Amino acid sequence: MGDVILQVEHLCKNFGPTQANKDVSISIRRGEVRGLAGENGCGKSTLASIICGIQPRTGGEIRKDGEPYAPTSPLEAGSRYRVAMVVQELGIIPSLSGVANIFIGKTKQFSKGGFVNMRAMERAAMDIFDRWGLGKVPLGVMAGTLSVEQRKILELARALTNDPDLLILDEITQALSHDTKQVVYDLKDRFRKENRSILIITHDLEETVDICDTVTVMRDGEVVDTVNARDITVDSLKQMMIGRKVEGDYYRIDHEPDFGGQVVLEVRNLCSLDGAVDGVSFDLHQGEILAAVGLSGSGIHELGEALFGVRHKTGSVRHVGSTTHLATPQDVIKTNGAYLSKNRDEDGLMLNATIHQNLYIPSARRLAGPLGFLSAKRLRKLSQGVFEAFDIRAQSLSQPVGRLSGGNKQKVNLGRWLGQELEYVILDCPTRGVDVGVKAYIYDVLRKLKEKRVSVIMISDELTEALGMADRILVMKNGKQAALVDRGPDFTESALIEVMA
Amino acid sequence: MVAAVLLAVFFLLNIVTGGALITANNLRTIFVHSIFHALTAWGLCFIFTTGLCDLSIGAIVLLAANVGGQLGENLGLGYPGMVIGSVAVAIICEHLCTRCSIQLGIPSWVSGLGCALIFEAILSIWANAIAGAGRQLPHIKVYRAFGKFPVMMSVWVAGLAAAYLIYNYTDIGLNLRAVGANENVATAMGIKKRQTIYVATLVGAVFVGIAATVQISYSGFLSAKTGLGSLSSIFKGLATLLLANSFEDTFSMPVGIAIGAIVVMGIFNVLTVMGVPSGTGQEMCLGAIVILCGALSHLHYKGVVK
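In this report, the structure presented in the accompanying data block is examined.

Conventions and cut-offs
- In this numbering scheme, every chain counts its residues from 1 along its sequence in written order.
- Written order decides the labels, with chains lettered from A and ligands numbered from 1.
- In keeping with the model being predicted, local features are shown solely for residues with a pLDDT of at least 70 and side-chain atom pairs are shown and tallied solely at 80 or more, while totals for entire chains, interfaces and linings include all residues.
- Here the side-chain values reflect all heavy atoms present in the structure, with hydrogen atoms and water set aside.
- What counts as a helix is a DSSP run of H or I of at least four residues, what counts as a strand is a run of E of at least two, and both are numbered from the N terminus.
- The buried label goes to any residue with under 20% of its type's maximum accessible area, the exposed label to any with over 50%, and the partly exposed label to all in between, with areas taken from a 1.4 Å probe on protein chains only.
- Whether two residues are in contact is decided by their heavy atoms, any of which lying within 4.5 Å being enough.
- DSSP-based pairing: two strands are paired if at least 2 bridges between them are found.
- To get an axis, a line is fitted to the C-alpha atoms, and for a helix only the part in contact is used. The angle between two axes follows their N-to-C directions and goes from 0 to 180 degrees.
- Throughout, buried area stands for the accessible area (probe radius 1.4 Å) lost by two parts on being put together, summed over both.
- Should a side-chain nitrogen of Lys or Arg be within 4 Å of a carboxyl oxygen of Asp or Glu, the pair is scored as a salt bridge.
- Polar contact is defined as a pair of N or O atoms within 3.5 Å, subject to the rule that within protein one atom must be able to donate a hydrogen and the other to accept it, and that residues adjacent in sequence are counted only when both atoms are side-chain atoms.
- A helix is expected to span 1.5 Å for every residue after the first.
- Think of a patch as exposed residues, more than 30% relative accessible area, with no salt bridge, where like charges cluster within 9 Å and nonpolar side chains (Val, Leu, Ile, Met, Phe, Trp, Tyr) cluster within 5 Å.
- Here, Shrake-Rupley sampling with a 1.4 Å probe gives the accessible areas, and only protein chains in the shown set may cover a residue.
- When describing relative orientation, an angle under 35 degrees is termed roughly parallel and one over 145 degrees roughly antiparallel, while 65 to 115 degrees is termed roughly perpendicular and anything else oblique.
- Here a crossing is called left-handed whenever its near helix is offset anticlockwise from the far helix by less than a right angle, and right-handed whenever the offset is clockwise.
- Here the term charged refers only to Asp, Glu, Lys and Arg, the term nonpolar to Ala, Val, Leu, Ile, Met, Phe, Trp, Tyr, Cys and Pro, and the term polar to all other amino acids, Gly among them.
- Pairing of aromatic rings covers Phe, Tyr and the six-membered ring of Trp, with a centre-to-centre limit of 6.5 Å; geometry is then stacked below 30 degrees between planes, edge-to-face above 60, and tilted otherwise.
- Over a ring means this: the NZ of a Lys or the CZ of an Arg is within 6 Å of the ring centre and within 35 degrees of the ring normal.

1. So, the overall build of chain B
Thought 1: Scanning chain B from terminus to terminus reveals 12 helices and 0 strands.
Thought 2: Of the regular secondary structure in chain B, the N- to C-terminal order runs α-α-α-α-α-α-α-α-α-α-α-α.
Thought 3: Per-residue burial for chain B yields a buried fraction of 50% across its 306 residues.
Thought 4: In chain B, the share of contacts with a sequence separation of at least 24, taken over all contacts with a separation of at least 6, comes to 76%.

In structure tokens:
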């Protein structure tokens, strides 16, 4: 590794009385891939956002290539200092094409007399995709029509337009499927080869240990230590993050499917009108965890949307107990079902509303009195209960959800549904963007739901998660059902990849 | 699909009206009548896409058209005075309305309604003041070329070309769409939000000013309205914009507006041919058409539209 590219010294960041970063000092060298690990709310994203100019620091100093560094915006960080970042939350303009999204704010370089040369812009975008091996994303269509991971790749391409020598990736891989993650890993290798650096924030600790050279661990806004990735294990990393030994396994330890014979949902020849889901049929049993996995474009996320009724569909989804055909989200809710979108910020949460409002809204009808009036006390009790049960780290229930860290947002998103009496639940990437502690908690919640005979459809981009938690795995490929595998001896990552690929 | 359905409806209505709809003369009438609404809708498109909902456009058209008429016809400044006067008034009024919303931090529809009342009142005060001297708001007799076919056609072509190029191929076009869709991302990408909104509304105001010139040149006279009476004059433009929204997957917004304006005016033409009364009967249909166009523009959206 080469010279120090970025030196952060005694950096502090306060939000009112809250100290998000306390006396943080790290240095990153050229050609280094640095992981930044820590629990949700430990200050990782705050540190990254200060480095890339999204927000100012309260104190301390940053030097880039030995020179004082204080960008006032991501644009300045990119264009003047060659520091770029892909943020955790989705940041695209849905009504603009992919190309326009990549160069938005920088279109002047393609302009003459105020008119933008779109062809030159397209060529430049293609060059970036080719240069960094970003795969294929339709760039001419409106970005709003692209999948979550295609949008994430667009954001990555946008960051690369600055030709950065320091790239910050904030939980980007958790939005990506198995094959698209490889694009990021290849990019990391290229960066290393070209003596550029990456600061990567991920809650996937196996990934952190596998792909990083060094890892800085943060806890409660402070740096605990920076260690060589070769010298640590996932368990020791967990221990450093949490400050105590994490006991037991994340996942189930049994090797047999374990669910009742009673069918809860009967899905027959389910197709989405756009062809993303094509002829999927299965039964979901009482107390079963059915995982859906597949590569990018396999249709697993679209399957969740079609089941919930937010995607136009044909075929039949029947709630067996009430013989209701589930056509709309209201049908799902009426039959004691719930759905959590992968796209948490756009489809899941009311970001400007308080934690309290987000938590009680799905239960409001249930809690209403005979005349439809709601008791503020009962609502408060419910949201306070979920707030404590899910260990949501915030100043109070009155804090707007938009100001929470990614992991805490996911806790609110899950808590609002899982705090109810459910018969079945569809979870699309429930552990996306959450730390090891919350992940363990979510798996524990899933286990408890299973014990209560609640049925779960868990759509996951992480094979280990699906293998660890599911009774059966539905493997999808190009929108079609490729296999339905029972928990047992063939329940291995390699066997699944063989079907998926 | 929407376009195919509309075409099919047109052919069906042609049969219903005994072939009166699709004739050269009638098509020309529809086209001529669509030009004012297309120009207004292009203006609305630049203003509304930034996220502003300015309801003062109708009042601006009336005021701008009369000022343009006064300068061109009554003060003898000819076509340059007419066009420059209308456009300048539209720019000033639109800028005031936008600034009012941004600087005071109030919703744009509130500032729009307030400004509409003010602009209507200004025109009304002017009309009353000169009525005392036995005069009226400008009657255009000489400078009516903007209301006649060849010039109107040229204005339409130029308007379409300008709107298309600005919307799709300029920094301002891309930036205003970015600000309207996700202002946080746009700001993070270095787009100056306020500047973008001001420039976008300026572009929109130019279209509104030209629409005002065309309208007074075509009608010869535009009377003052009060109590938000001006609002209804942009409903056809609004229907056009909503319809263009439903075409957006197929056509760029400016092209969709050109087509949408013809479709909307075609529907009114059919209503006239079928003998629907031009007062309340057609206004009821206009209301229904605005709702229909709104529904079409969100055809593939499954959530609750707000």
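Once you've had a look at it, read on.
2. With respect to the sheet that holds strand β15 (residues 289-294) of chain A
Residues and elements named next belong to chain A.
Thought 1: Overall, mixed pairing links the 6 strands, which are arranged β18-β19-β20-β15-β21-β22 in an open sheet. Each of the sheet's edge strands pairs with one partner strand only, and the pair in question is β18 (337-340) and β22 (480-486). Strand after strand, the sheet turns through a mean of 15° between neighbouring axes, direction not considered.
Thought 2: Of the strand pairs in this sheet, strand β21 (residues 472-477) and β22 are connected by 6 bridges, and their pairing is antiparallel. Residue pairing in the sheet places Ile473 in a bridge with Val485 of β22.
Thought 3: Lying over the sheet, helix α15 (residues 406-418) contacts β18 and β19 (424-428), oriented at roughly 175° with respect to β18.

3. Some remarks on the interface of chain B and chain A
Thought 1: Contact with chain B, which involves 20 residues of that partner, is made by 26 residues of chain A.
Thought 2: Summed over both partners, the interface of chain B with chain A buries about 1900 Å², with 64% contributed by carbon and sulfur atoms.
Thought 3: Where chain B packs against chain A, one counts 1 salt bridge.
Thought 4: Ionic pairing is found between Lys108 of chain A and Asp171 of chain B, a salt bridge with its closest N-O pair at 3.7 Å.
Thought 5: On inspection of chain B and its partner chain A, the count reaches 5 residue pairs in polar contact (both at pLDDT 80 or more).

4. Points about the sheet that holds strand β6 (residues 83-86) of chain A
Residues and elements named next belong to chain A.
Thought 1: The sheet built from 6 strands is open, its strands ordered β6-β9-β10-β3-β11-β12 with mixed pairing. Here the strands that pair on one side only, and so sit at the sheet edges, are β6 and β12 (222-228). Direction aside, neighbouring strands of the sheet carry axes that sit 20° apart on average.
Thought 2: Contacting β3 (33-38), β11 (214-219) and β12, helix α8 (residues 234-242) crosses the sheet at an angle of about 35° to β11.

5. Some words on the side chain of Asn101 of chain A
Thought 1: Positionally, Asn101 of chain A belongs in helix α3 (residues 98-103).
Thought 2: Sequence-distant contacts of Asn101 of chain A, that is, excluding residues within four places in its chain, are made with Ile92, Ile93, Leu96, Ala143, Leu154 and Arg158 of chain A.

6. Considerations on the pairing of β11 of chain A
All names here are of chain A.
Thought 1: With respect to burial, β11 is a largely interior element, 5 of its 6 residues being buried.
Thought 2: Alignment of β3 against β11, held across 5 bridges, turns out to be parallel. Bridging across to β11, Ala37 finds its partner in Val217.
Thought 3: Taken together, the 6 bridges between β11 and β12 define a ladder with antiparallel strand orientation. Looking at the pairing, Thr214 lines up with Asn228 of β12.
Thought 4: Connecting β11 to the next strand, β12, in antiparallel fashion are 2 residues, including Asp220 with a positive phi near 50°.

7. A short note on helix α5 (residues 148-160) of chain A
Along an α-helix, residues three or four positions apart point the same way, because every turn accommodates 3.6 residues.
All names here are of chain A.
Thought 1: The end-to-end C-alpha distance of α5 is 19 Å, a good match for the 18 Å that 13 residues give at a rise of 1.5 Å each.
Thought 2: When you tally the buried positions in α5, you get 12 out of 13 residues, the bulk of the element.
Thought 3: Turning to α5, its buried residues are Val148, Glu149, Arg151, Lys152, Ile153, Leu154, Glu155, Leu156, Ala157, Arg158, Ala159 and Leu160.

8. Notes on a nonpolar patch on the surface
All names here are of chain B.
Thought 1: Taken together, the side chains of Leu7, Phe11, Ile22 and Leu27 make up a nonpolar region of the molecular surface, amounting to roughly 370 Å² of accessible area.
Thought 2: Looking at the secondary structure, you find Leu27 in helix α2 (residues 24-49).
Thought 3: Taking the relative accessible area as the measure of exposure, Leu27 reaches 41% and is therefore partly exposed.

9. With respect to the packing of α2 of chain B against helix α6 (residues 149-169) of chain B
Residue and element names in this part refer to chain B.
Thought 1: The contact between α2 and α6 brings their axes to 10 Å, and the two run at 30°. Considered as vectors, α2 and α6 are oriented roughly parallel to each other. The crossing of α2 and α6 is left-handed. Contacts between α2 and α6 involve Arg28, Phe31, Val32, Ile35, Ala38, Leu39, Trp42, Cys45, Phe46 and Thr49 on the former and, on the latter, Phe149, Met152, Met153, Val155, Trp156, Gly159, Leu160, Ala163, Ile166 and Tyr167.
Thought 2: In the contact of α2 with α6, the residues fall into 17 nonpolar, 2 polar and 1 charged.

10. Some remarks on helix α16 (residues 436-451) of chain A
Thought 1: The end-to-end C-alpha distance of α16 of chain A is 23 Å, a good match for the 22 Å that 16 residues give at a rise of 1.5 Å each.
Thought 2: Turning to α16 of chain A, its buried residues number three or more, namely Val436, Val438, Lys439, Ile442, Tyr443, Val445, Leu446, Leu449 and Lys450 of chain A.

11. With respect to the pattern of salt bridges
Thought 1: All chains considered together, the criterion is met by 30 salt bridges over all chains.
Thought 2: Linking Asp444 of chain A and Arg447 of chain A is a salt bridge whose minimum nitrogen-to-oxygen distance equals 4.0 Å. Here Asp444 of chain A and its partner Arg447 of chain A are both found in helix α16, 3 residues apart, which amounts to about one turn of the helix.
Thought 3: The class of Arg447 of chain A is partly exposed, set by a relative accessible area of 22%.
Thought 4: Lys193 of chain B is paired through a salt bridge with Glu183 of chain B; the nearest N and O atoms lie 3.0 Å apart.

12. Description of the packing of aromatic side chains
Thought 1: One pass over the structure, following the stated rule, counts 12 aromatic pairs over all chains.
Thought 2: Relative to Phe110 of chain A, the ring of Phe103 of chain A has its centre 4.9 Å away and its plane inclined at 75°; by these criteria the two rings are edge-to-face.
Thought 3: The class for Phe103 of chain A is buried, based on a relative accessible area of 3%.
Thought 4: Looking at Phe110 of chain A, the relative accessible area reads 12%, which means it is buried.
Thought 5: When the ring of Trp132 of chain A is compared with that of Phe191 of chain A, the centres are 5.1 Å apart and the planes differ by 40°; the resulting orientation is tilted. With a gap of 59 residues between them, Trp132 of chain A in helix α4 (residues 118-132) and Phe191 of chain A in helix α6 (residues 178-193) connect regions that are remote in the sequence. This pair shows no difference in class: Trp132 of chain A is buried, exactly as Phe191 of chain A is.
Thought 6: Members of the aromatic cluster, each reached through a chain of ring pairs, are Trp42, Phe46, Tyr167 and Phe207 of chain B.
Thought 7: Just above the ring of Phe191 of chain A sits the side chain of Arg196 of chain A; from NZ or CZ to the centre is 5.7 Å.
Thought 8: The positively charged end of Arg28 of chain B is found above the aromatic ring belonging to Phe149 of chain B, 4.4 Å away from the centroid.

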